[in-house]
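Reading the structure
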Amino acid sequence: MNSVDAGLLLLRVVVGLTIIAHGMNHARNLEGTARWFAKVGFKAAPLQARLSVVTELGAGLLLVLGLLTPLAAAAIVATMTVAAGSIHRFNGFFVFRKGEGVEYVNVLAWLAFVIGWTGGGAYSLDDALGIDFGDTGNLLIGLGGFAAGLGQLVLFWRKPASASDDRAKG
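Throughout this document, residue positions are counted from 1 along each chain, in the order its sequence is written. Confidence filtering applies because this is a predicted model: local features only for residues at pLDDT of at least 70, side-chain atom pairs given and counted only at 80 or more, and all residues used for totals across whole chains, interfaces and linings. Side-chain metrics in this entry use all non-hydrogen atoms of the structure; hydrogen atoms and water are not considered.

**Quick word on the environment of Val 54**
- Runs of E in the DSSP output that reach at least two residues are strands. Runs of H or I that reach at least four are helices, and both are numbered from the N terminus. Relative to the helices and strands, Val 54 is located in helix α3 (residues 45-65).
- Among the residues examined, Val 54 registers a relative accessible area of 58% and is labelled exposed. Only protein chains enter the accessibility calculation, which uses a 1.4 Å probe. A residue is then buried if its area is under 20% of the maximum for its type, exposed if over 50%, and partly exposed in between.

**Some points on helix α4 (residues 69-86)**
- Expected helix span is taken as 1.5 Å per residue step, with the number of steps being one fewer than the number of residues. With 18 residues, α4 extends 26 Å from end C-alpha to end C-alpha; this agrees with the ideal 26 Å at 1.5 Å per step.
- Within α4, 16 of the 18 residues are buried, which leaves the element mostly enclosed by the surrounding structure.

**Quick notes on the nonpolar core**
- Working definition of a nonpolar core: buried Ala, Val, Leu, Ile, Met, Phe, Trp, Tyr and Cys residues. They are joined through side-chain atoms within 4.5 Å. Of all hydrophobic cores here, the largest spans 19 residues; its most connected members are Val 15, Ile 19, Leu 63, Ile 76, Met 80 and Val 105.
- When residues in this core are grouped by element, the largest group, 7 residues, is from α4.
- Residue contacts are counted whenever heavy atoms from the two residues lie within 4.5 Å of one another. Val 15 has contacts with Leu 63, Leu 108, Leu 111 and Ile 115, leaving out every residue within four places of it along the chain.

**Observations concerning the side chain of Ser 124**
- By the secondary structure assignment, Ser 124 is in the loop between α5 (103-118) and α6 (125-129).
- Classification of Ser 124 as buried rests on a relative accessible area of 7%.
- When residues no more than four places from it in sequence are discounted, the contact partners of Ser 124 are Arg 12, Leu 65 and Gly 66.

**Quick look at the confidence of the model for the chain**
- Scored between 0 and 100, pLDDT is the confidence that the predictor attaches to each residue. For the chain, mean pLDDT is 91; residues scoring 70 or higher make up 94% of the total.
- Helix α8 (residues 161-169) is the least confidently modelled element of the chain, averaging 50 in pLDDT, while α6 averages 98, the highest of any element.
- Segment residues 164-170: pLDDT under 50, and 3 contacts once partners within four positions in sequence are set aside and those in other chains are kept.

**Section: the environment of Thr 33**
- Looking at where Thr 33 falls in the secondary structure, it is placed in helix α2 (residues 30-39).
- Classification of Thr 33 as buried rests on a relative accessible area of 8%.
- Sequence separation between Thr 33 and Asn 91 is 58 residues; the distance between their C-alpha atoms is 20 Å.
- Contact partners of Thr 33, with chain neighbours within four places excluded, come to His 26 and Ala 49.

**A few points about the packing of helix α1 (residues 3-28) against α3**
- Fitted lines through C-alpha atoms give the axes, limited to the stretch in contact for helices. The angle between two N-to-C directions lies from 0 to 180 degrees. Their axes nearest at 8 Å, the elements α1 and α3 cross at an angle of 160°. Considering the angle they form, α1 stands roughly antiparallel to α3. Where α1 crosses over α3, the handedness of that crossing is left-handed. Across the interface between the two elements, Arg 12, Val 13, Val 15, Gly 16, Leu 17, Ile 19, Ile 20, His 22, Gly 23, Met 24, His 26 and Ala 27 from α1 touch Ser 52, Val 53, Glu 56, Leu 57, Gly 60, Leu 61, Leu 63, Val 64 and Leu 65 from α3.
- Polar here means any residue outside two lists: the nonpolar Ala, Val, Leu, Ile, Met, Phe, Trp, Tyr, Cys and Pro, and the charged Asp, Glu, Lys and Arg; Gly therefore counts as polar. Considering only residue class, the contact of α1 with α3 consists of 13 nonpolar, 6 polar and 2 charged. Orientation categories follow fixed angle ranges, with anything under 35 degrees roughly parallel, anything over 145 roughly antiparallel, 65 to 115 roughly perpendicular, and all other angles oblique. Here a crossing is taken to be left-handed if its near helix is turned anticlockwise relative to the far helix by less than a right angle, and right-handed if that turn runs clockwise.

**Thoughts on α1**
- For α1, spanning 26 residues, the distance from its first C-alpha to its last is 37 Å, which sits close to the expected 38 Å at 1.5 Å a residue.
- Among the residues of α1, those classed as buried are Asp 5, Leu 8, Arg 12, Val 15, Gly 16, Ile 19, Ile 20, Gly 23 and His 26.
- Contact partners of the buried residues in α1: α2, α3, α4 and α5.
- As used in this structure description, the phrase polar contact means that two N or O atoms lie within 3.5 Å; if the pair is within protein, one of them must be able to donate a hydrogen and the other to accept it, and residues adjacent in sequence are counted only when both atoms belong to side chains. With a side-chain oxygen positioned 2.7 Å from the backbone nitrogen of Val 4, the residue opening α1 is Asn 2.

**Here we look at the packing of α5 against helix α7 (residues 134-156)**
- Interhelical geometry of α5 versus α7 gives an angle of 155° and a closest axis separation of 7 Å. By the angle between their directions, the pair α5 and α7 is classed as roughly antiparallel. Like other packed secondary-structure pairs, α5 and α7 cross with a definite hand, here right-handed. Facing Trp 110, Phe 113, Gly 116, Trp 117 and Thr 118 of α5, the residues of α7 in contact are Asp 135, Asn 138, Leu 139, Gly 142, Leu 143 and Phe 146.

Structure (C-alpha cells):
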C-alpha cells in the first residue's frame, strides 16, 4: 500500500464525512437553517439553505468515494469560503472565540483545495474509472472553488447591521 495514496484516502474520507455531518445538521432543521441564513445576511435564504445542504451532502459523498474529486473538493472550498467570508471572519481566527473564528473553515477549505489539486489517488473511483483532469485542470478547478465562493458572497450576502454591532461590542 502506497502511503501517499493511503493518506489521500484517509483525508478524503475524514473531510468528506465531516462535510456530510455538517450538511445533515443543516438538513435536520432546514427551516431553522434558512432563518439563520437570513439573520446572517443571505438573500434568498431558503434557497441558500437548500443549496448548502445539497452541496455539503453531495460534495462530501463524492469526496469520500473519490469520484470527481477536484469538483467535489472545489464545492467544499466554495462552501467554506462563503462561511469564512460571511460569518466567521468577524470573530477573529480561533474557533473557540464567541461566534467562532475562521480557524475551522479555513482548515477545511485548504484541506479540500489540496485534496482536489492532488486528485483522488489510487484508492478512488476516479482512478478506477480513469477520470483525470490533470494537474493544471485540478488546480484551476480548485481556484474556481474560491472564485465561486467569492461570487456567491458578492451576489447573495450583505453584512447585517448586527454583525458590525457585535464586533464593535467586542
